[in-house]
Amino acid sequence: SSGQAGKQGRNVKQISRRGYARAGLLGNPSDGYHGKTISLIVGDFYAQVDMVSAERLTIQPGPKEGLEFEGIEQLAGQVQHEGYYGGVRLLKASIKRFYEFCLAGSAREAGNFRIQYQSNIPRQVGLAGSSAIITAALRGLADWYQVSLEPYLLASLTLSVEADLGIPAGLQDRVIQAYEGL
């Protein structure tokens, strides 16, 4: 959707896209069952990526990725609960992969953007939160650059981003997140 004119009289573009948590009902992980699985989307839990026109391409940390702390105890508590790596690396890797696959060598120009994410998917409980962030980012980028990403391609790109980052993953989570439903 488009917003009102910006400071310099240009239209401000805004996009929000989601990727949902996934639950495996049967056959998780997929390689242990020769790809035979039943999974579903958990619509109450999602990662959302918001993009807005900007002068420079900017990636903002998520709300739980603070880089300023009241003290060392708060830093240690955040790292213990959230880990060392947040969604910024997922966004960087998603943008890089999208560029390589969808834009390299083309003349598409859509302007720079500020991108940020938020997620209410519980961490470290097997609901595919990382791939939900990547899925949302790739959907947002496709909208931003007006590129069509079929669900099978979205699933493959999401898996390739995770592979680049060394995140152990199979196609199952990404397929249900790309197609949604059951």
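Residues numbered from 1 in each chain as written. Predicted model: local features only at pLDDT ≥ 70, side-chain atom pairs only at ≥ 80, totals over all residues. Heavy atoms only, no water.

Right, let's get into the overall build of the chain. Within the chain, the secondary structure is distributed over 5 helices and 5 strands. Beginning at the N terminus, the succession of helices and strands in the chain can be written as β-β-β-β-α-α-β-α-α-α. Restricting to contacts in the chain with at least 6 residues of sequence separation, those with at least 24 account for 75%. Element-wise, carbon and sulfur atoms account for 50% of the exposed surface of the chain, whose accessible area totals about 10800 Å². (Helix = DSSP H or I, 4+ residues; strand = E, 2+ residues; numbered from the N terminus. Contact = heavy atoms within 4.5 Å. Areas by Shrake-Rupley, 256 points an atom, 1.4 Å probe, with all protein chains shown as cover.)

Moving on, we come to the environment of Gly129. Residue placement: Gly129 occurs in helix 3 (residues 129-145). Measuring from C-alpha to C-alpha, the distance between Gly129 and Gly19 comes to 8.6 Å, with 110 residues separating the pair along the chain.

Attention now goes to the pairing of strand 5 (residues 113-119). Both strand 3 (residues 38-53) and strand 5 contribute to a ladder of 7 bridges, which runs antiparallel. Note that in strand 5 the partner of Asp50 across the bridge is Gln116. Sheet topology note: the strand 4 (residues 58-59)/strand 5 ladder contains 2 bridges and is parallel. By the bridge assignment, Thr58 is partnered in strand 5 with Arg114. (Pairing = 2+ DSSP bridges.)

Take unusual backbone geometry next. For Ala128, which is not glycine, the phi dihedral falls at a positive 60°. Relative accessible area serves as the criterion here: at 12%, Ala128 is assigned to the buried category. (Buried < 20%, exposed > 50% of the residue type's maximum accessible area, 1.4 Å probe, protein only.)

In globular proteins that are soluble, nonpolar side chains generally tend to be buried together. Within the largest apolar cluster, 37 residues are counted, with the highest numbers of intra-cluster contacts made by Phe98 and Leu149. At the level of secondary structure, the elements contributing two or more residues to this core comprise strand 2 (11-26), strand 3, helix 2 (87-103), strand 5, helix 3 and helix 4 (151-164). Tallying contributions element by element places helix 3 first for this core, with 10 residues. Apart from the residues within four sequence positions on either side, Phe98 is in contact with Leu103, Leu138, Leu141, Ala142, Tyr145, Val147 and Leu149. (Core = buried A, V, L, I, M, F, W, Y, C linked by side-chain atoms within 4.5 Å.)

Counted according to the given criterion, the structure contains 6 salt bridges. Its salt-bridge partner being Asp164, residue Arg97 comes within 2.4 Å of it at the nearest N-O pair. One end of the pair, Arg97, is in helix 2; the other, Asp164, is in helix 4, and 67 residues separate them in sequence. Taking relative accessible area as the criterion, Arg97 reaches 18% and is therefore assigned buried. Taking the relative accessible area as the measure of exposure, Asp164 reaches 45% and is therefore partly exposed. Here Glu180 and Arg139 are joined by a salt bridge, their closest N and O atoms 3.2 Å apart. Separated by 41 residues along the polypeptide, Glu180 in the segment after helix 5 (171-179) and Arg139 in helix 3 bring together distant segments of the chain. (Salt bridge = Lys/Arg side-chain N within 4 Å of Asp/Glu carboxyl O.)

Treat this as a map of the structure, not an account of what it does.
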